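Commentary on secondary and tertiary structure
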Amino acid sequence: LKVSAAIFGGYFVAMLLQIAIGSHVKQLDVVVITSAYISFLLWVLFMIIPFTFRNGWKAWGLYLIIISVCSVIIYFGDVS
């Protein structure tokens, strides 16, 4: 569970975090350029976090909470 949370959960959290930030920024071209690099660095960070937990379910729980919060932010984001 830790490995799957690190690979898949970390990827989804990194991408949704970038999309949530991008949904509130007016200059989308800058977000697209920088998100490619920042999302990879965030993915590496989020791949390390599950291995600090004793239980893989807790890592998945944390990632699902972050994914849910980012999804709500994206849903209510203001892109004009």
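Structural notes, computed from the coordinates. (Residues numbered from 1 in each chain as written. Predicted model: local features only at pLDDT ≥ 70, side-chain atom pairs only at ≥ 80, totals over all residues. Heavy atoms only, no water.)

Re the overall build of the protein
Counting its regular elements, the protein contains 3 helices and 0 strands. Taken from the N to the C terminus, the helices and strands of the protein come in the order α-α-α. Across its three principal axes, the protein shows a C-alpha extent of roughly 45 × 25 × 15 Å. For the protein, the proportion of its 80 residues judged to be buried stands at 29%. Within the protein, contacts between residues at least 6 apart in sequence are counted, and of these 82% link residues at least 24 apart. On the protein, roughly 5500 Å² of surface is accessible, and the fraction owed to carbon and sulfur atoms is 76%. (Helix = DSSP H or I, 4+ residues; strand = E, 2+ residues; numbered from the N terminus. Buried < 20%, exposed > 50% of the residue type's maximum accessible area, 1.4 Å probe, protein only. Contact = heavy atoms within 4.5 Å. Areas by Shrake-Rupley, 256 points an atom, 1.4 Å probe, with all protein chains shown as cover.)

Notes on the packing of helix H1 (residues 2–22) against helix H3 (residues 56–75)
Think of two packed helices as two axes; the pair is described by the angle between the axes and how far apart they sit. The contact between H1 and H3 brings their axes to 9 Å, and the two run at 15°. In terms of axis orientation, H1 runs roughly parallel to H3. Of the two possible hands of crossing, H1 and H3 adopt the one that is left-handed. Contacts between H1 and H3 pair Lys-2, Ser-4, Ala-5, Phe-8, Gly-9, Gly-10, Phe-12, Val-13, Leu-16, Leu-17, Ile-19 and Ala-20 from the former with Gly-56, Ala-59, Trp-60, Tyr-63, Ile-66, Ile-67, Cys-70, Ser-71, Ile-73 and Ile-74 from the latter. When its residues are assigned to classes, the contact of H1 with H3 shows 16 nonpolar, 5 polar and 1 charged. (Axes fitted to C-alpha atoms, helices over the stretch in contact; angles between N-to-C directions. Parallel < 35°, antiparallel > 145°, perpendicular 65-115°, else oblique. Left-handed = near helix turned anticlockwise from the far one by under 90°. Nonpolar A, V, L, I, M, F, W, Y, C, P; charged D, E, K, R; others polar.)

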